[in-house]
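# Residue-level structural notes
Residues per chain, in single letters:
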Amino acid sequence: MERETTLSHNQSRILFLLSLTVGVLVGLLGGIYNLITDNAVSILSSLQQNSSSVLVISVMAMCTFLSFYLVKKFAPEAGGSGVQEVEGSMIGVRKIKWKQVIPVKFIGGIAAQFGGMVVGREGPTIHLGGAIGEGLSKLWKYKVSDLDVKNHLLACGAGAGLAVAFNAPLAGILLVIEEMRPSFKFNFRSYTGIMLACYVSTWVAQFIVGNKVEVPVVDVQLLSGIDFYHFIGFGFFLSIAAVIFLKSIKSGYKVFDYLKSRSPYLTFTVVALLFAVVYQINPDLNGSGMALLRTHLEGENSLSWIISTASLRFLGGIISFCSGVVGGVFSPMLYLGSSLGEIYSMLLPNLTPYSTEFAILGMAGFFTAVVGAPVTGVILIAELTGQYELILPLGIVCLVSNFITHNLGAKPLYESLLKRDIRLFGNEKLKKNTETK
């Protein structure tokens, strides 16, 4: 039988249909996920007002413990973000066990949010999207040389996952193109399929959660009177903070790897109780930070409050992310970046009137410095806030922060996480080579 070397018109139509299906399924699952997690803050607040502290602590701790347990028992690779697992699957070093990942990621991510952990929803939706793409790739029976169909559907799912998380289809498309470029063969069909999945998933999710700007900001100044060297200095400032953040994550993983090797369930219990108790003291220190970010940008905050809240959320984010609970790091990073922007502007008197604008720049610059995706950072924050007028200063800050972080020798977050996952869970390429010998 002659082997196909390119896609026929009929196969192309089937591929686009599968891309569309990925978008619909990610939109449905991601929309439901967002609807539930969006209401976590109000549900916990209501529970706190109408129940005893002991009951609230018990419920929250059990939710966090459930997330830990599902990961440990059924899908260890589903802990944390999962973006690196999608990238690893594309280059063949990791394998997405989609039948386990989808329920664990969905239930575990919701449970972590209700447990008050400092994690975001975007990592789970990206991993869920990749898992959906992996599952649908099993329906493809053709052999072609010009396109890796599995990687195509993985990319569609990952992009759609980010698009759904933040109502940001352009950022979803760019994440795949920029972040996953080493592991994906791009062509006309690839771009078209990814765009289709991202826009369709966003549209479907909007039927569930509505069409809204995630972090609406009004009355933003254009910063036309600010000298460019301020943006360069701010980018440098963010890169230093990003290096500290990346090194803290690396150290946090070492600590939790040691603790979990000795007594995993005791470690899980202590962490679960810790965040439940913290919620009773100050709820602002819990959760993804997106709800807090909205009010944070609308009001005037003192420098001491911003520094103390950001510092404690930084610590909470490191503990949450490195502990192995299901959840992403994008949303907590955005809050930290906004806080760094306000701190920087308040430390320089002539920039103090532009604290909101620098908070927006900080979200993009800090994200870029940590992840290493400057174009995605610019567009993500523009879509997130609706402030496309700040494209130029956003671009400058992101370019500088990315350049400095790279030259300081810090590896992008997901590159480091993938190496860790390979060390913990194995290299699929090596396994296949061993099996064939």
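Residues numbered from 1 in each chain as written. Predicted model: local features only at pLDDT ≥ 70, side-chain atom pairs only at ≥ 80, totals over all residues. Heavy atoms only, no water.

Under the annotation held in an unreviewed UniProt entry, the chain carries the name H(+)/Cl(-) exchange transporter ClcA and is attributed to Flammeovirga kamogawensis. Heading Subcellular location (unreviewed entry) of the UniProt record for the chain holds this comment: "Membrane". (UniProt positions renumbered as here; feature names shortened; annotations may be inferred.)

Okay, the pattern of salt bridges next. In total, this model carries eight salt bridges according to the counting rule given. A salt bridge links D257 to R420; the shortest N-O distance between them is 2.6 Å. Highlighted residues: D257 in helix α10 (residues 228-262) and R420 in helix α18 (residues 413-425), separated in sequence by 163 residues. Look at R420 and you get buried, because its relative accessible area is 13%. Members of the salt-bridge network, linked through shared partners, are D38, R121, K212, E214 and R294. (Salt bridge = Lys/Arg side-chain N within 4 Å of Asp/Glu carboxyl O. Helix = DSSP H or I, 4+ residues; strand = E, 2+ residues; numbered from the N terminus. Buried < 20%, exposed > 50% of the residue type's maximum accessible area, 1.4 Å probe, protein only.)

Right, let's get into empty space enclosed by the protein. Following the criterion strictly, the structure yields one cavity of 30 Å³ or more and no others. By volume, the largest cavity is sized at about 80 Å³. Counting residues per element, the ones that place at least two in the lining of the largest cavity are α1 (9-38), α7 (149-166) and α9 (188-209). Here the residues of the lining of the largest cavity are counted per class, giving five nonpolar, five polar and four charged. (1 Å grid on protein atoms, 1.4 Å probe; cavity = no way out; pocket = protein on both sides within 12 Å on 5 of 7 lines; lining within 4 Å. Points joined across faces, edges and corners; volume = space filled by probe spheres on them. Nonpolar A, V, L, I, M, F, W, Y, C, P; charged D, E, K, R; others polar.)

To continue, consider the packing of aromatic side chains. If you walk through the whole model with that rule in mind, you get 17 aromatic pairs. With a centroid separation of 6.0 Å and 85° between ring planes, the pair formed by Y265 and F268 is classed as edge-to-face. With a gap of three residues between them, Y265 and F268 both fall in helix α11 (residues 264-281), about one helical turn apart. A ring pair is formed by F330 and F367, whose centres lie 4.9 Å apart and whose planes are at 85°; its orientation type is edge-to-face. With F330 in helix α14 (residues 330-347) and F367 in helix α15 (residues 355-371), this residue pair connects regions lying 37 residues apart in the sequence. With relative accessibility at 1%, the residue F330 sits in the buried group. Through a chain of ring-to-ring contacts, three or more aromatic side chains come together here, namely F228, F231, F234, F237, Y344 and F358. (Phe/Tyr/Trp six-rings, centres within 6.5 Å; stacked < 30°, edge-to-face > 60°.)

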